[in-house]
Amino acid sequence: FIELALSLELPIIIHSRESDKRMHEILKSHFDGSKLYGVWHCFSGDKKLAFKVIDNGFVLGFCGNITYKNSSDTVSVIKNIPLEFMLLETDSPYLTPQKHRGKLNEPSFVCEIYNFVCESRGMSLEILKQNLYNNFVSLFKISE
């Protein structure tokens, strides 16, 4: 898929749950000089890995697991990366935000993720929404 994305000049979406370091090892050979870019979906790594991934053309996608009590490393990433390298996502039916734990995740719960990021970064929902919209349009080269 990496080679296909490169040949078609399309983004790749990496779904990496609990394997961030291994995924980075796999992608590392494509980072030097290639035009590989995309979304690192469900990012849960630390700041060091986050900045390596961003420096190599990826935006980071965050899901409901950022709201969990044991997600302090990921929350630190959310607070410190430039906003233009962030997307917020659902991982339905998994990774339900803390408020809805025990239920199946659904797309409407992404609002909890938006609110959590706004609180964590001390920013308004309107500014966050506009920035994430711009990130999406830019990443997927959508003409408005």
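To be clear, the structure that these remarks concern was listed above.
Quick caveat: nothing in here was measured; it's all calculated off a predicted structure. (Residues numbered from 1 in each chain as written. Predicted model: local features only at pLDDT ≥ 70, side-chain atom pairs only at ≥ 80, totals over all residues. Heavy atoms only, no water.)

### What about the packing of aromatic side chains?
- Under the counting rule described, the total for this entry stands at four aromatic pairs.
- On the basis of an interplanar angle of 75° and a centroid distance of 6.1 Å, the ring pair of Trp-40 and Phe-43 is categorised as edge-to-face.
- Given the relative accessible area of 0%, Phe-43 is considered buried.
- Between the aromatic rings of Trp-40 and Phe-58, the centroid separation amounts to 6.4 Å while the plane-to-plane angle is 75°, which identifies the pairing as edge-to-face. With a gap of 18 residues between them, Trp-40 in strand 2 (residues 38-41) and Phe-58 in strand 3 (residues 58-62) connect regions that are remote in the sequence.
- Taking the ring centre of Tyr-68 as reference, the NZ or CZ of Arg-101 above it sits at 3.9 Å. (Phe/Tyr/Trp six-rings, centres within 6.5 Å; stacked < 30°, edge-to-face > 60°. Buried < 20%, exposed > 50% of the residue type's maximum accessible area, 1.4 Å probe, protein only. Helix = DSSP H or I, 4+ residues; strand = E, 2+ residues; numbered from the N terminus. Lys NZ or Arg CZ within 6 Å of the ring centre and 35° of its normal.)

### Looking at helix 4 (residues 72-80)
- Of the positions making up helix 4, those classed as buried are Thr-74, Val-75, Val-77 and Ile-78. Seen from one end, helix 4 has its buried residues packed into an arc of 155°, which puts them on one side. Exposed residues on helix 4 whose side chains face more than 90 degrees from its buried face are Ser-72 and Asp-73. (Arc of directions from axis to C-beta.)

### Some words on the packing of helix 3 (residues 47-55) against helix 4
- Across the interface, helix 3 lies against helix 4 with an axial gap of 9 Å and an inter-helix angle of 45°. As summarised for this structure, helix 3 and helix 4 are arranged oblique, according to the angle between their axes. Of the two elements, helix 3 crosses helix 4, and the hand of that crossing is right-handed. Touching Lys-47, Ala-50 and Phe-51 of helix 3 are Ser-76, Val-77 and Asn-80, all from helix 4.
- Its residues placed into classes, the contact of helix 3 with helix 4 shows three nonpolar, two polar and one charged. (Axes fitted to C-alpha atoms, helices over the stretch in contact; angles between N-to-C directions. Parallel < 35°, antiparallel > 145°, perpendicular 65-115°, else oblique. Left-handed = near helix turned anticlockwise from the far one by under 90°. Contact = heavy atoms within 4.5 Å. Nonpolar A, V, L, I, M, F, W, Y, C, P; charged D, E, K, R; others polar.)

### Details of the pairing of strand 2
- Where strand 1 (residues 12-15) meets strand 2, four bridges bridge the pair, whose relative direction is parallel. Its bridge partner being in strand 2, Ile-12 is matched across the sheet by Gly-38.
- Tracing the backbone out of strand 1, into helix 2 (residues 20-31) and back to the parallel element strand 2 gives a crossover that is right-handed.
- In this structure, strand 2 lies alongside strand 3, joined through three bridges in parallel fashion. Note that in strand 3 the partner of Gly-38 across the bridge is Phe-58. (Pairing = 2+ DSSP bridges. Right-handed = clockwise from strand over helix to strand, strands pointing away.)

### Points about the sheet that holds strand 4 (residues 86-88)
- Taken in spatial order, the four strands line up as 1-2-3-4 in an open sheet, and their pairing is parallel. With partners counted over all chains shown, the strands left at the sheet margins are strand 1 and strand 4, one partner each. Each strand of the sheet is rotated relative to its neighbour by a mean of 25°, with strand direction disregarded.
- Contacts between helix 2 and the sheet are confined to strand 1, strand 2 and strand 3, with strand 2 contributing the most and set at about 165° to the helix.
- Its contacts with the sheet place helix 6 (residues 125-139) against strand 2, strand 3 and strand 4, and it is angled at close to 105° to strand 4.

### A closer look at the side chain of Thr-96
- With respect to the helices and strands, the residue Thr-96 is situated in the loop between strand 4 and helix 5 (110-121).
- Thr-96 gets classed as buried once you look at its relative accessible area, which sits at 6%.
- A polar contact is formed between the side chain of Thr-96 and the backbone oxygen of Lys-103, at a distance of 3.0 Å. (Polar contact = N/O pair within 3.5 Å; in protein donor to acceptor, adjacent residues only side chain to side chain.)

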